[in-house]
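# Breakdown of the fold
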Amino acid sequence: MIIQIKKLMEVTFIVRGTSRLTKLMAVILVLTCVIAALVPSATAQAKSKKPKYKFEAKEIYVMDAKSGQMLYQKNSDQRRPIASLSKLMTLYLTKKAIDQHQLSWNQKVPVSKPLIKMSKSYELGTFKIKRSKQYTVKQLYQAALIASSNSSAIALGELVAGGSNTKFINLMNRQAQKWGIDAHFVSSSGLDNTDLTTYKLQVPGTGKKAQNMVSAKAISTVAAKVLGEFPSITKWSRKPSMKVGNQVLVNSNRLLKGDAFYKKSEHVDGLKTGFTDTAGLCLTVSFWHKGRHLIATIIDSNTIFSSMEKLVRAIEKNYTTETYLIHQNIFTIGNRKVSASPQNSRATIWKTESSKPSISDSYEPTTQKLPVEKGSTVGNVLVKVGNSTATVPMLATQSVRAPKTIVKETVKHRSLFSKIGDFLGNLISGLARVVNQIFKHL
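In this text the structure is predicted, and so the values were computed from the model without any measurement. (Residues numbered from 1 in each chain as written. Predicted model: local features only at pLDDT ≥ 70, side-chain atom pairs only at ≥ 80, totals over all residues. Heavy atoms only, no water.)

Moving on to the overall build of the protein chain. Within the protein chain one finds 13 helices and 16 strands. Looking at the protein chain residue by residue over its 442 residues, the buried ones come to 47%. Taking contacts inside the protein chain between residues at least 6 apart in sequence as the whole, the part at least 24 apart equals 64%. As presented, the protein chain carries roughly 23600 Å² of accessible surface, and 55% of it is formed by carbon and sulfur atoms. (Helix = DSSP H or I, 4+ residues; strand = E, 2+ residues; numbered from the N terminus. Buried < 20%, exposed > 50% of the residue type's maximum accessible area, 1.4 Å probe, protein only. Contact = heavy atoms within 4.5 Å. Areas by Shrake-Rupley, 256 points an atom, 1.4 Å probe, with all protein chains shown as cover.)

So, in structure tokens, the structure goes:
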């Protein structure tokens, strides 16, 4: 009975923010679950043990948010539609713009008429916007994060890019390239072009059915960047609900406190849900284990919360930490020797209880030019643990200035004819002096 109710709640998640056809299908599934809950089958009654959830997800990736070490993966390098998980990149770039003083949290956000219309849509709207500049950056950020508001995410992207949706999508793709992750974006919200064209938000040159294509590893990396840039985001992402203006933002993450799938021992504090017909159910969560912040992503799962719950339990049961001593290193930057110390002298690495992976380290510079300021990151130490790698920044122990440029005087090379001319000129001048001396003595 309890299991059927939990399945019912997972189906309920599908209903929010989807098309009418999908909602109709979801209603049928809900009724099926209700009937199954009220009238257990003979097979179920015959079993004495509780049936276990079937762990289903086409792509999975689990990583350490700080070191980047991969703990577990399944098809994690395959690009797939990821629906509203895409908003994580939008949230990252918005926070980056705030940190660079291009925007402020209390700044009012202009919202176009098409986005206002989208916000009121039965299929695509989860947060209604009545008029332009009604809400601040902070409020739309919370709406995009907690209620997965498509209009809010797109409005924030346009604000970051000076009013252009296309320019913001270009920023998303350039950031992905800079990080070296496998991702291609056509949407700041996660909606595909079948929905965006209605609101004139299709990026020129993209197909009618184009959508964001991102791997589980890539979007997990984006989530790690968000937490690195804005660690206190979890104060919002862990809230089951939040009031903004006269509206209540409802968090669709059922693993949070007060919901059916919440487990206090799992320490889940965010981060983002997603669903479209093509992407299926998607979820990226952040949680704590052994004092470390971890990120887990599952893409295209039929039982999103029960699958994630099982995945988190498996990580907690099978993975433990170990420390690895890291030493100082000398990097050559701009022909100068720069000493660097690790950000943490002991790296925390993950391994399973039973495995004994080979562990080795290597150093790579990240800075190519001088000057270097004391305390700045000049390289990384890569700790390889079996087939995964943990990264620890290396910080300069002193400031190193660029050498002064010495301007050398260059001697102009004269042509052969010029040299011959000078020789003959000097010869004639010498002969003339000799002749003058001879005539003086006559």
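So that's the structure; there's more coming.
Before going further, it helps to spend a moment on the pairing of strand β15 (residues 377-385). As paired strands, strand β14 (residues 359-365) and β15 are joined by 7 bridges and run antiparallel to one another. Note on β15: the bridge partner recorded for Y363 is V381. Relative to strand β16 (residues 388-396), β15 runs antiparallel, the two sharing 8 bridges. Along β16, the bridge assignment pairs G379 with M394. Hairpin connection from β15 to β16: 2 residues lie between these consecutive antiparallel strands, with G386 at a positive phi of about 60°. (Pairing = 2+ DSSP bridges.)

This part covers empty space enclosed by the protein. All chains considered together, the criterion is met by 2 cavities of 30 Å³ or more. Contributing to the lining of the largest cavity are L145, I146, S237, N251, S252, N253, L256, G270, L271, K272 and T273. Taken together, the elements giving at least two residues each to the lining of the largest cavity come down to α6 (137-146) and β7 (268-276). The biggest single contributor to the lining of the largest cavity is β7, with 4 residues. Residues belonging to the lining of the largest cavity are distributed by class as follows: 4 nonpolar, 6 polar and 1 charged. In this structure, the second largest cavity occupies an estimated 40 Å³ of space. (1 Å grid on protein atoms, 1.4 Å probe; cavity = no way out; pocket = protein on both sides within 12 Å on 5 of 7 lines; lining within 4 Å. Points joined across faces, edges and corners; volume = space filled by probe spheres on them. Nonpolar A, V, L, I, M, F, W, Y, C, P; charged D, E, K, R; others polar.)

Take the layout of surface pockets next. Considering only enclosed or pocket space, the largest pocket measures out at about 1000 Å³ in volume. Along the walls of the largest pocket sit 36 residues, with M63, S67, G68, T221 and K225 positioned nearest its centre. In terms of residue count, the dominant contributor to the lining of the largest pocket is helix α10 (residues 216-229) (7 residues). Residues belonging to the lining of the largest pocket are distributed by class as follows: 11 nonpolar, 16 polar and 9 charged.

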